Amino acid sequence: MNQEKVDLLKKIENNAKLSPLDWAVLDAVLEEQQESSVELLSYLQDDEPSLTWRSALNEKLHAITQSRPKRSRSWRLVFLSSTATTAIAAILFLLVLPFMQNISMHGESDTRIFLKWHEEAVASSFLPTDALQLKEKHKSEHVQEKNDIDDLIFGEPLIDL
Amino acid sequence: MEYQSGAIRLSKFASGNSALDASLVSRCKHRDAEAFTLLVDRYQARVYGYVRRMLRSIEDAEDVSQEVFIKAFQNIDSFDSRASFSTWLFKIASNLCIDKLRKQEKENRVGFESLEIDDTVSFDKSWDPEASLNAKELAIAIEKSITQLSNKLKPVLLLHDQQNLGYEEIAEILSIPVGTVKSRLFLAREELKKTVKTFYRSEDVL
């Protein structure tokens, strides 16, 4: 057992990988050492901290306990104020929303009006693409100017020749 | 040697009433400060003893052990009641000690010359003055040996052999595999054994 223990100690000190047999030896050694090691450590003095230590700890714990409600109150204030702000913002938004919709509708009708104007303007500035169309256009534009007396004196306008 | 006192201490730890802990923790979660005071009463000696041996300075140990209870009090709501309260408390203690030791290593202000070992304590192991003196000297030797253990070996030895926690609990507290707990415990005990052998100049102590 002693030689196995020495070998095991060397392996562990050298960080060598332990075999299943090594682990079994380790368990046995630890079991064997258990009682004497615990008994040795029992020779250490009891470590009861001083009353001063305990008193200081109690004061710190008391301070934490006292600060807890304050913190919760402050968190409640933060929560309430943020909720109130959100609610006011929501109400304002609901009040403003109809106006925004109205503006949006007006905007749409204006667009339609502009489109209509544009179509009329395009129609009025229609340009003929060939001579026959040009002649018809000229005729229609000069219908008012045609005079029978002029025709009688000067004959048919040159353009109609 | 007189081992009776050690056996009494062991049985005191072994009889740790987890049902009582669970009840007190439940009361703490309902903002019952008195329940936490009772938990401090139950664990202050164990936690303080563990922290004092993990750290080298008594002053640091007092500060850190207070911090352990303060952290536990502040985070009691996050404690999962299915786990053991003592495991959770020692996990907090171990983490705080490791943080403190790392800071000290960085600051490089702690050396072996600053070890604080209280040798004024009296032991009631025996009424015999000679035996009492031997016990006291042995205790000092053990204290020195523990202090000189590495930061990896020390918590394993203290948690297992002094605080009587199991391998699984220690693995959880230190966030290491159970196998590592076992191998470190073996190494720590071997180190302790060397010290005690030197003290007695005998091969028959362990």
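Because the structure is a prediction, the values reported are computed rather than measured.

(A) Geometry of the overall build of chain A. Counting its secondary structure elements, chain A contains 5 helices and 0 strands. Secondary structure of chain A in N-to-C order comes out as α-α-α-α-α. Residues counted as buried form 18% of the 161 residues belonging to chain A. Of the roughly 12900 Å² of accessible surface on chain A, 64% is carried by carbon and sulfur atoms.

(B) Quick look at the nonpolar core. Grouped together as the largest cluster of nonpolar side chains are 71 residues, with contacts concentrated most on Phe 36, Val 51, Phe 69, Phe 85 and Ile 142 of chain B. If you tally residues by element for this core, the top one is helix α3 (residues 33–54) of chain B, at 10 residues.

(C) A look at the interface of chain B and chain A. Every contact between the two is made by 51 residues of chain B and, on the other side, 36 residues of chain A. Here chain B meets chain A over a buried area of about 4400 Å², counting both sides, of which 62% is carbon and sulfur. Among the residues of chain B in contact with chain A, Gln 66, Phe 73 and Phe 186 of chain B are the three that bury the most area, contributing 16% of the side total. Connecting chain B to chain A are 2 salt bridges. A salt bridge links Asp 27 of chain A to Lys 182 of chain B; its shortest N-O distance comes to 2.9 Å. Between chain B and chain A we count 13 residue pairs in polar contact (both at pLDDT 80 or more) in total. Within the residue set of the side of chain B that touches chain A, elements represented by two or more residues are α1 (4–14), α3, α4 (58–74), α6 (129–148), α7 (153–162) and α9 (178–200) of chain B.

(D) Structural context of a negative patch on the surface. Residues and elements named next belong to chain B. A contiguous patch of negative charge on the surface is contributed by Glu 59, Asp 63, Glu 67 and Asp 99. Examined against the element boundaries, Glu 67 turns out to sit in helix α4. Overall, Glu 67 belongs to the partly exposed group, its relative accessible area being 35%.

(E) Broad picture of the packing of aromatic side chains. Across all of its chains, the model carries 8 aromatic pairs over all chains by this definition. Members of the aromatic cluster, connected to one another through ring pairs, are Tyr 43, Phe 79, Phe 85 and Trp 88 of chain B.

(F) Representation of the confidence of the model for chain B. All names here are of chain B. Per-residue pLDDT for chain B has a mean of 80; in total, 77% of the residues score no lower than 70. Summarising per-element confidence for chain B, the mean pLDDT is lowest in α1 (41) and highest in α4 (95). Low pLDDT, under 50, characterises residues 1–15; the predicted model gives this stretch 22 contacts beyond four residues in sequence or across chains. Ignoring residues within four places in sequence, the model shows residues 117–127, a span with pLDDT below 50, making 22 contacts including any to other chains. Across the interface, the model reports ipTM at 0.73; the global pTM reads 0.64.

(G) A look at α4 of chain B. For α4 of chain B, with 17 residues, the first-to-last C-alpha span of 24 Å sits near the 24 Å given by 1.5 Å per residue. Taken together, the buried positions of α4 of chain B are Asp 60, Ala 61, Val 64, Ser 65, Gln 66, Val 68, Phe 69, Ile 70, Ala 72 and Phe 73 of chain B.

(H) Focus on the environment of Phe 69 of chain B. Mapped onto the secondary structure, Phe 69 of chain B falls in helix α4. Along the sequence, Phe 69 of chain B and Leu 39 of chain B sit 30 residues apart, while their C-alpha atoms lie 9.2 Å from each other. If we skip the residues at most four places from it in the chain, Phe 69 of chain B touches Trp 53, Leu 57 and Leu 61 of chain A together with Phe 36, Val 40, Tyr 43, Gln 44, Val 47 and Leu 89 of chain B.

(I) Here's a closer look at the pattern of salt bridges. Counting across every chain of the model gives 12 salt bridges over all chains. Linking Arg 54 of chain A and Asp 41 of chain B is a salt bridge whose minimum nitrogen-to-oxygen distance equals 2.4 Å. With one member in each of two chains, Arg 54 of chain A in helix α3 (residues 51–124) and Asp 41 of chain B in helix α3 form a pair that bridges those chains. Accessibility expressed as a relative area gives 12% for Arg 54 of chain A, which makes it buried.

(J) Broad picture of the side chain of Gln 66 of chain B. Looking at the secondary structure, you find Gln 66 of chain B in helix α4. Judged by relative accessible area, Gln 66 of chain B falls into the buried class, the value being 5%. Ignoring sequence-local partners within four residues, the contact set of Gln 66 of chain B consists of Trp 53, Ala 56, Leu 57 and Lys 60 of chain A.

(K) Structural view of the confidence of the model for chain A. With 64% of its residues at a pLDDT of 70 or more, chain A has an overall mean of 77. Within chain A, the element-level pLDDT minimum falls on helix α5 (residues 148–154) of chain A, averaging 62, and the maximum on helix α2 (residues 20–41) of chain A, averaging 91.

(L) Representation of the packing of α3 of chain B against α7 of chain B within the structure. All names here are of chain B. At their nearest, the axes of α3 and α7 sit 10 Å apart, and the two run at 150 degrees to each other. Looking at the two axes, α3 sits roughly antiparallel to α7. Note on packing geometry: the crossing formed by α3 with α7 is right-handed. Along its contact with α3, which presents Tyr 50, Arg 53 and Met 54, the element α7 presents Lys 154, Pro 155, Leu 158, Leu 159 and Gln 162. Its residues placed into classes, the contact of α3 with α7 shows 5 nonpolar, 1 polar and 2 charged.

Rules and cut-offs
- Residues numbered from 1 in each chain as written.
- Chains lettered and ligands numbered in written order.
- Predicted model: local features only at pLDDT ≥ 70, side-chain atom pairs only at ≥ 80, totals over all residues.
- Heavy atoms only, no water.
- Helix = DSSP H or I, 4+ residues; strand = E, 2+ residues; numbered from the N terminus.
- Buried < 20%, exposed > 50% of the residue type's maximum accessible area, 1.4 Å probe, protein only.
- Areas by Shrake-Rupley, 256 points an atom, 1.4 Å probe, with all protein chains shown as cover.
- Core = buried A, V, L, I, M, F, W, Y, C linked by side-chain atoms within 4.5 Å.
- Contact = heavy atoms within 4.5 Å.
- Buried area = accessible area lost by both parts, 1.4 Å probe.
- Salt bridge = Lys/Arg side-chain N within 4 Å of Asp/Glu carboxyl O.
- Polar contact = N/O pair within 3.5 Å; in protein donor to acceptor, adjacent residues only side chain to side chain.
- Patch = residues over 30% accessible without salt bridge, like charges linked within 9 Å, V, L, I, M, F, W, Y side chains within 5 Å.
- Lys, Arg positive; Asp, Glu negative; His and termini not counted.
- Charge placed at Lys NZ, Arg CZ, Asp CG, Glu CD.
- Phe/Tyr/Trp six-rings, centres within 6.5 Å; stacked < 30°, edge-to-face > 60°.
- pLDDT = per-residue confidence, 0-100.
- Expected span 1.5 Å × (residues − 1).
- Axes fitted to C-alpha atoms, helices over the stretch in contact; angles between N-to-C directions.
- Parallel < 35°, antiparallel > 145°, perpendicular 65-115°, else oblique.
- Left-handed = near helix turned anticlockwise from the far one by under 90°.
- Nonpolar A, V, L, I, M, F, W, Y, C, P; charged D, E, K, R; others polar.

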